[in-house]
Amino acid sequence: MASTNAKVVPFFNYPFVFTSHEAEHLSIIADVCRRGAFILQRDMEEFERNLAAYVGVKHVVAMANATDALHLAIRAAGIGPGDEVIFCTHTMVATASAIYFAGATPVPVECGPDHLIDPASVEAAVTPRTKAIMPTQLNGRTCDMDALQAVADKHDIIIIEDSAQALGSKYKGRCAGTFGASGCISFYPAKTLGCFGDGGCAMTNDDAMYEQLLLLRDHGRAPSGDVVLWGLNSRLDNLQAAVLNHKLKSYDREIARRREIAARYRRHLASLPSLRLPPGPEDDPDHFDIFQNYEIEAERRDELRDFLKQRGVGTLIQWGGKAVHQFAKLGFNQRLPFTEELFTRMIMLPMNTSLSDEDVDYVCACIEAFYGSSSIDYQKQHGT
Ligand SMILES: *Cc1c(COP(=O)(O)O)cnc(C)c1O
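For clarity, every value in this text was computed on a predicted model and none was experimentally measured. (Residues numbered from 1 in each chain as written. Predicted model: local features only at pLDDT ≥ 70, side-chain atom pairs only at ≥ 80, totals over all residues. Heavy atoms only, no water.)

Asker: Teacher, can you tell me more about the sheet that holds strand β10 (residues 275-276) here?
Answerer: Sheet strands associate in pairs through backbone hydrogen bonding, adopting either a parallel or an antiparallel arrangement. Reading across the sheet, the three strands line up as β10-β12-β13 and stay open at both edges, with antiparallel pairing between neighbours. Unpaired on one side and paired on the other, β10 and β13 (346-349) mark the two borders of the sheet. The sheet contact formed by strand β12 (residues 294-298) and β13 spans four bridges and is antiparallel. Within β13, the position partnered with Glu-295 by the bridge is Met-348. Sitting on the sheet, helix α10 (residues 251-269) touches β10, β12 and β13, and the angle it makes with β12 is about 20°. Relative to β13, helix α11 (residues 301-310) is tilted by about 25°, and along the sheet it contacts β12 and β13. (Pairing = 2+ DSSP bridges. Helix = DSSP H or I, 4+ residues; strand = E, 2+ residues; numbered from the N terminus. Contact = heavy atoms within 4.5 Å. Axes fitted to C-alpha atoms, helices over the stretch in contact; angles between N-to-C directions.)

Pasting the structure below:
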């Protein structure tokens with residue numbers, strides 16, 4: 001089958017993270033390495049300042065990855081053993097493991113039809129031990145932060161955002177990661193602002209939280225050299241920071257292209273009754289989505305995936321096809337029927353800036369062919 005493919009459209013193009021601007025990237029790497037500027041150097045500090053200005057937050061603390069950033073943000077907020085933190089299980093396991101390694105209990109709740117944490121489920125899960133809500137700003141879309149803030153205010157608990165997938169995503173004009181006590185971003189290569197390895201950051205408007213995060217990421221060492229608490233080594237490599245600082249300059253163009261691709265998918269696919277698509281980029285004035293992913297709901301999802309694979313189109317079922325509470329060995333015993341049902345239907349189409357318009361059109365043509373021809377088969381088989 002592969003030889004007859006009109007095209008090959010991989011789900012994600014990893015080399016493109018580097019080759020999109022290879023000469024510039026090589027010169028940045030050479031410059032940093034020739035300076036011997038590897039750890040906690042000016043490139044990282046400049047990147048922190050530039051990123052803070054970009055999202056409109058007071059402080060950014062660059063870290064080794066977003067999982068560490070979430071973990072340390074929870075600890076910096078003074079949350080630990082005996083405390084509960086509520087999260088939605090349509091997320092990466094990292095959201096829950098950050099809570100777990102801070103010593104607190106991750107409490108799973110449902111997502112809603114928008115695939116984001118359901119504020120009513122959050123409200124129902126609050127107990128006297130609840131200290132925080134950790135919403136995931138999933139797929140580049142920000143949750144209903146007004147509803148979540150109302151629950152948080154009512155119960156006097158804080159919000160810490162897993163905005164790993166949502167750099168530059170906005171709700172009512174305000175960026176993901178700037179609503180809660182802290183918000184964390186990932187620079188994993190396949191994220192919208194991806195580096196050449198692991199990277200992440202925590203953001204905060206709170207000066208005390210900022211001071212704690214600085215200590216926690218660097219062995220608890222104060223500027224004096226004195227060690228004032230137990231910390232980790234979770235610094236962002238200066239080399240990655242220099243690359244990210246450069247990529248940040250063209251980040252708006254990156255997002256604009258993703259939004260174009262989302263609009264193109266929508267134009268082709270919105271009329272197919274077997275699919276449910278995310279809102280288009282201009283559909284809701286309260287949201288500015290950055291389309292980290294293009295996650296759809298599809299009837300006969302697994303057949304569709306095989307059909308696309310045979311035609312050279314890569315897709316991905318997020319998190320290996322399971323919600324976090326469904327990883328049996330992690331010890332969760334909750335049932336979340338809405339989320340579990342959703343996980344039988346969700347699939348992600350290619351969404352990245354290496355895609356041409358022709359690539360997107362080809363993916364859509366394959367999907368149209370699948371539902372077009374197969375619905376005829378279905379009618380024949382069932383005599384309708
Ligand atoms: C990528 C991701 C993380 C983890 O980020 P790392 O930088 O890889 O640690 C956490 N949460 C969500 C929702 C993610 O997509």
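On we go from here.
Asker: Is there a simple way to think about the pattern of salt bridges in this case?
Answerer: Close approach of charged atoms allows side chains of opposite charge to pair. The full count for this structure, using the stated rule, is 26 salt bridges. The salt bridge involving Arg-264 is made with Asp-357; its shortest N-O contact spans 3.6 Å. Here Arg-264 is found in helix α10, whereas its partner Asp-357 is found in helix α13 (residues 357-382), with 93 residues between them in sequence. Residue classification places Arg-264 among the buried positions, given a relative accessible area of 19%. Notably, a salt bridge pairs Arg-276 with Glu-297, separated by 2.8 Å at the nearest N-O pair. Highlighted residues: Arg-276 in strand β10 and Glu-297 in strand β12, separated in sequence by 21 residues. With a relative accessible area of 41%, Arg-276 lands in the partly exposed category. Among the residues examined, Glu-297 registers a relative accessible area of 6% and is labelled buried. (Salt bridge = Lys/Arg side-chain N within 4 Å of Asp/Glu carboxyl O. Buried < 20%, exposed > 50% of the residue type's maximum accessible area, 1.4 Å probe, protein only.)

Asker: What should I look at first to understand the nonpolar core in this one?
Answerer: It is characteristic of soluble globular proteins that their nonpolar side chains tend to be buried jointly. Counting residues in hydrophobic clusters, the biggest one holds 29 residues, and the most contacted among them are Tyr-265, Leu-269, Leu-275, Tyr-294, Leu-349, Ile-367 and Tyr-371. Every element with two or more residues in this core is listed here: α10, β12, α11, β13 and α13. (Core = buried A, V, L, I, M, F, W, Y, C linked by side-chain atoms within 4.5 Å.)

Asker: Teacher, can you tell me more about the environment of Leu-349 here?
Answerer: Relative to the elements of secondary structure, Leu-349 occurs in strand β13. In sequence terms Leu-349 and Thr-315 are 34 residues apart; their C-alpha atoms lie 5.1 Å from each other. Contacts of Leu-349, omitting those with residues within four sequence positions, involve Phe-11, Tyr-265, Leu-269, Tyr-294, Ile-296, Leu-308, Thr-315 and Ile-367.

Asker: Would you mind showing me how to read unusual backbone geometry here?
Answerer: The phi torsion of most residues other than glycine is negative, and most of the peptide bonds are trans. Not every positive phi belongs to a glycine, and Asn-139 is a case in point at roughly 60°. For Asn-139, the position within the fold is in the loop between β4 (130-134) and α7 (145-155).

Asker: I keep staring at the confidence of the model for the chain and nothing clicks. Help me out?
Answerer: Caution applies to low-pLDDT parts of the model: their predicted coordinates are not meant to be read in detail. When pLDDT is averaged across the chain, the result is 95; 96% of the residues are at 70 or more. Counting contacts from residues 375-384, a segment whose pLDDT is below 50, to residues more than four positions away or on other chains yields two contacts. (pLDDT = per-residue confidence, 0-100.)

Asker: Just to check I follow, could you spell out the sheet that holds strand β5 (residues 158-162) for this structure?
Answerer: Read across the open sheet, the seven strands follow the order β1-β9-β8-β5-β4-β2-β3; overall the sheet is mixed. The sheet is open, and its two edges are formed by β1 (59-63) and β3 (105-109), each paired on a single side. The mean angle between the axes of side-by-side strands here comes to 25°, regardless of whether they run parallel or antiparallel. Bridge count for β1 against strand β9 (residues 200-204) is five bridges, and the pairing is antiparallel. Paired with His-59 across the strands is Thr-204, a residue of β9. Of the strands in this sheet, β1 and β9 touch helix α3 (residues 42-55), which is tilted by about 130° from β1. Sheet strands in contact with helix α4 (residues 66-76) are β1, β4, β5, β8 (182-186) and β9, and its direction is about 170° off that of β8.

Asker: How do you make sense of the packing of aromatic side chains when you look at a structure like this?
Answerer: Each aromatic ring pair is described using two quantities: the centre-to-centre distance and the angle formed by the ring planes. If you walk through the whole model with that rule in mind, you get eleven aromatic pairs. Seen from their ring centres, Phe-87 and Phe-332 are 6.1 Å apart, and the 50° between their planes marks the pair as tilted. In this pair, Phe-87 sits in strand β2 (residues 84-88) while Phe-332 sits in the loop between α11 and α12 (337-342), placing the two residues 245 residues apart along the sequence. Considered together, Phe-87 and Phe-332 belong to a single accessibility category, that of buried residues. Where Tyr-265 meets Tyr-294, the ring centres are 4.8 Å apart and the plane angle is 25°; that geometry is what we call stacked. Residue Tyr-265 is located in helix α10, and its partner Tyr-294 is located in strand β12; the two are separated by 29 residues in the primary sequence. For the residue pair Tyr-265 and Tyr-294, the accessibility class agrees, reading buried in each case. Taken together through their ring pairs, the aromatic side chains of Tyr-265, Phe-291 and Tyr-294 make up a single cluster. Across the ring face of Phe-288, the terminal group of Lys-170 is positioned such that the distance to the ring centre comes to 4.8 Å. The ring of Phe-307 has Arg-311 sitting right over it, with the charged end atom 3.6 Å from the ring centre. (Phe/Tyr/Trp six-rings, centres within 6.5 Å; stacked < 30°, edge-to-face > 60°. Lys NZ or Arg CZ within 6 Å of the ring centre and 35° of its normal.)

Asker: Explain α7 here, please?
Answerer: The periodicity of an α-helix, 3.6 residues per turn, causes residues three or four positions apart to be oriented the same way. If you check which residues of α7 are buried, you get Met-145, Leu-148, Val-151 and Ala-152. Along α7, the residues classed as buried sweep out an arc of 125° about the axis, all on the same side. More than 90 degrees from the buried face of α7, the exposed residues found are Asp-153 and Lys-154. For α7, the secondary structure elements touched by its buried residues are α6 (119-125), β4, β5 and β6 (170-171). Where α7 begins, the capping side chain belongs to Asp-144, and its oxygen is found 3.3 Å from the backbone nitrogen of Asp-146. Directly beyond the C-terminal end of α7, a positive phi value near 55° is found at Asp-156. (Arc of directions from axis to C-beta. Polar contact = N/O pair within 3.5 Å; in protein donor to acceptor, adjacent residues only side chain to side chain.)

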